[in-house]
Amino acid sequence: PTVTSPCKILKCNSEFWVATSGSHHLGTEEAPEFCTALRAYAHCTRRTARTCRGDLAYHSAVHGIEDLMVQHNCSKDGPTSQPRLRTLPPGDSQERSDSPEICHYEKSFHKHSAAPNYTHCGLFGDPHLRTFTDTFQTCKVQGAWPLIDNNYLNVQVTNTPVLPGSTATATSKLTIIFKSFQECVDQKVYQAEMDELPAAFADGSKNGGDKHGANSLKITEKVSGQHIEIQAKYIGTTIVVRQVGRYLTFAVRMPEEVVNAVEDRDSQGLYLCLRGCPLNQQIDFQTIRSAQATEGRARRKGPSLPAPPEAFTYETATAKCREKLPVEDLYFQSCVFDLLTTGDVNFMLAAYYAFEDVKMLHSNKDKLHLYERTRDLAPGNAAPSGTSTALWVLLLCLSQCWLCLL
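- Under an unreviewed UniProt entry, the protein chain has the name RGMA protein and belongs to Ramphastos sulfuratus.
- The record held by UniProt for the protein chain lists under Subcellular location (unreviewed entry) the comment "Cell membrane".
- According to UniProt, the comment filed for the protein chain under the heading Sequence similarities (unreviewed entry) is "Belongs to the repulsive guidance molecule (RGM) family."

Describing the packing of helix α9 (residues 330-342) against helix α10 (residues 346-361)
Stage number 1. Running from N to C, α9 and α10 point in directions that differ by 160°, and their axes come no closer than 8 Å. One way to sum up the angle between α9 and α10 is to call them roughly antiparallel. For the pair α9 and α10, the sense of crossing is right-handed. Between α9, through Y331, C335, D338, L339 and T342, and α10, the contact on the second element is made entirely by F347, M348, A351, A354, F355 and V358.
Stage number 2. Each residue belonging to the contact of α9 with α10 can be placed in one class, and the counts come to nine nonpolar, one polar and one charged.

Overview of the nonpolar core
Stage number 1. In this structure, L147, I148, I176, F178, Y234 and F250 are the most contacted members of the largest nonpolar core, which totals 45 residues.
Stage number 2. Among the elements that take part in this core, strand β11 (residues 247-255) stands out by supplying four residues, more than any other.
Stage number 3. Those residues in contact with F178 that lie beyond four places of it in its chain are Y152, L153, D186, Q187, K188, F201, L217, I230, A232, Y234 and I239.
Stage number 4. Formed by 21 residues, the second largest nonpolar core is a distinct cluster that contains F136, C335, L340 and L370.

Analysis parameters
Residues numbered from 1 in each chain as written. Predicted model: local features only at pLDDT ≥ 70, side-chain atom pairs only at ≥ 80, totals over all residues. Heavy atoms only, no water. UniProt positions renumbered as here; feature names shortened; annotations may be inferred. Axes fitted to C-alpha atoms, helices over the stretch in contact; angles between N-to-C directions. Helix = DSSP H or I, 4+ residues; strand = E, 2+ residues; numbered from the N terminus. Parallel < 35°, antiparallel > 145°, perpendicular 65-115°, else oblique. Left-handed = near helix turned anticlockwise from the far one by under 90°. Contact = heavy atoms within 4.5 Å. Nonpolar A, V, L, I, M, F, W, Y, C, P; charged D, E, K, R; others polar. Core = buried A, V, L, I, M, F, W, Y, C linked by side-chain atoms within 4.5 Å. Buried < 20%, exposed > 50% of the residue type's maximum accessible area, 1.4 Å probe, protein only.

Structure follows, in structure tokens:
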């Protein structure tokens, strides 16, 4: 049911980069270790050759390996274990502290009177979207959709069906393009997909390239194959990408100034993190949740009804989600919805990690939890607020007066 590229050249690039970090500082006595890493790189490309025949990055890597073999007088025969070579010494281009001030958003911003305002967007699960304006939606959005599209970067996700014939979809591929910016960074592309969460950009690098402010864009691997973080200091942006189970989650912290930096906002087109999902792509999972709960109660009263095909009932799903999400906010409700829809417990973890990312990235700690609007609540759960509260108090007073008259 899912469509992903079987070509694993990004993994080969990433492994070679990790193995040779700092290799340009190696002396001649360490050349054999570099050759060992090159042979391992070549072996990795051969393993994926059959599935990468039409991939330009693959062919570029193959030619690059041949050139490096010649330059370093490496033989094609020999050990292929990947040694972890010495780390970059202080002062290397990846760790420069003398980057131009323009390559550090917060430093340049503080020249002005007001501090920057940060916003958050996240996508997780089946999939659930939290926009930059703290609107929470559940969407279908099957296929490729843009999450972010501004003057500095583009983010696109591809969502595929979780089960054959199901309307439930989840993110199976993610592409992030950081556009070239002044003397700070070259254009860089990050790509992740199911079972492929690289700790490097598509070209194998881990920073913004050869420009003076290259360190203002940097990838850090938090948990191998499960959690990476990208810091783009030149635009004050932090991106977190995770693989939970088979699928990906995305979270970003970005200044409002960057969010709204577009050439022509009116004709920009769809941009999910800013505008949300189209109405025809939105799912009212609150209604589905209420129906599931009602069906569960009816089943208890009438045991002759057929059992649900899912691995979870409404009661077992709520109990499972409560283990990680004790507050019954929209993250909790999303967890319940996803367990009922997919039967996959990894969707509970996706909701949990999405909320953990909100706690880290959202600048307003009072807005961490989101709740459904009063009018969306199931009967019996609605709490009076605003005008409805005043009306409720008035009716109570009238009833008391009527009792006094009697």
